[in-house]
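A structural walkthrough
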Amino acid sequence: MRVHFIVHEDFEAPGAYETWASRRGHHVTFSRVYAGEPLPADAEAIDLLIVMGGPQDPAVTVEECAHFDSKGEQAVIAAAVRAGKAVIGVCLGSQLIGEALGAPFAHSPEKEIGKFPITLTEAGCQHALFSDFATTLEVGHWHNDMPGLTAQAEIIASSVGCPRQIVAYSDLVYGFQCHMELTRELVERLIAHSENDLSRAADYRFVSTAEQLRAEDYRQMNEVLFCFLDKLEARYHASNA
């Protein structure tokens, strides 16, 4: 499988998504836009497009952040969806999927940074790709916003702080507002970037301290993510058989 990552910042790395791709022997390519690497010209050489998170939101312009081309990324996402590719968006990436499909992003009711539970909706409990998810599962969070919903979208999971944690846009297109890719190494990068937010943890219901973040074990949620990715890969191959 040919997996392409769009990465907005070095501290918002693919983490467990890249681990999965490596373990499965997939061909992995990158658009590290923070380092000046270009977006793919089209989706022809991609089977699975994974758009990562970042401190930006889809409304940020290239004048405000020179390395972030929201409209360009939305065009790549739309092309991948039209071509029947598998697409995953993480945090900012999930919001960009919604925007690419005509659904504007929104601000989440709560800022969430840490490891907190999400709960599957009825649609999530019945969805074949999420059969390895417990009804309630603790996962990583690092966000203020959430993806928009198209008329066809199904909310797969929500949390107390955010009603749109996982969204299924189609059989092959998914938005993860939550961060199931977090590892301890990746968390250290995020902590280094988020000193101001974490210093004010007591001001928010769902913001952990750096010490709490370092004490968490992220391996179980990574393994659950791997199960989802295996099922998505199988569905993609079946749809292209």
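Note that residues are indexed from 1 along each chain, following the sequence as it is written. A pLDDT threshold of at least 70 governs which residues receive local features in this predicted model, and a stricter bar of 80 or more applies before side-chain atom pairs are shown or counted, although totals over entire chains, interfaces and linings include all residues. Hydrogen atoms and water are omitted, and side-chain values are computed over all heavy atoms in the structure.

For the protein chain, the name recorded in an unreviewed UniProt entry is Type 1 glutamine amidotransferase, with Pantoea brenneri as its organism.

1. Observations concerning the UniProt feature "domain: Glutamine amidotransferase" (unreviewed entry) in the protein chain
UniProt positions are given in the numbering used here, feature names are shortened, and annotations may be inferred rather than shown by experiment. The positions that UniProt labels "domain: Glutamine amidotransferase" (unreviewed entry) are, in the present scheme, residues 42-183. In this description a helix means any DSSP run of H or I spanning at least four residues, a strand means any run of E spanning at least two, and both kinds are numbered starting from the N terminus. Helix makes up 19% of residues 42-183 and strand 35%, and the two end C-alpha atoms of the span are 31 Å apart.

2. What about helix H1 (residues 16-23)?
Looking at H1, one finds that the buried residues are Ala-16, Tyr-17, Trp-20 and Ala-21. For H1, the buried positions fall inside an angular range of 145° around the axis, keeping them on one side. Of the residues in H1, the exposed ones pointing more than 90 degrees away from the buried face are Ser-22 and Arg-23. Buried residues belonging to H1 abut strand S1 (2-7), strand S2 (27-32), strand S3 (48-51), strand S4 (86-90), strand S9 (173-176) and helix H8 (219-239). Gly-25 occupies a position one or two residues after H1 and carries a positive phi of about 75°. Exposure classes here rest on a 1.4 Å probe applied to the protein chains alone. A residue is buried below 20% of its type maximum, exposed above 50%, and partly exposed in between. This arc corresponds to the set of directions leading from the helix axis out to the C-beta atoms. Two residues form a contact once any of their heavy atoms are found within 4.5 Å.

3. What to know about the nonpolar core
Only buried Ala, Val, Leu, Ile, Met, Phe, Trp, Tyr and Cys residues count toward a nonpolar core, and they belong to the same one when joined by side-chain atoms within 4.5 Å. In this structure, Tyr-17, Ile-88, Phe-176, Met-180 and Phe-228 are the most contacted members of the largest nonpolar core, which totals 54 residues. In terms of residue count, the dominant contributor to this core is H8 (eight residues). In this structure, Leu-49, Val-60, Val-87 and Val-173 belong to the second largest nonpolar core, which totals 20 residues.

4. Comments concerning the side chain of Ser-31
Mapped onto the fold, Ser-31 is located in strand S2. By relative accessible area, Ser-31 is classed as buried at 0%. We call two N or O atoms a polar contact when they sit within 3.5 Å, provided that within protein one can donate a hydrogen and the other can accept it, with sequence-adjacent residues counted only if both atoms are side-chain atoms. Looking at Ser-31, its side chain comes within polar contact range of the side chain of His-4, at 2.7 Å. If sequence neighbours within four positions are ignored, Ser-31 has contacts with His-4, Phe-5, Ile-6, Val-7, Glu-37, Pro-38, Leu-39 and Pro-40.

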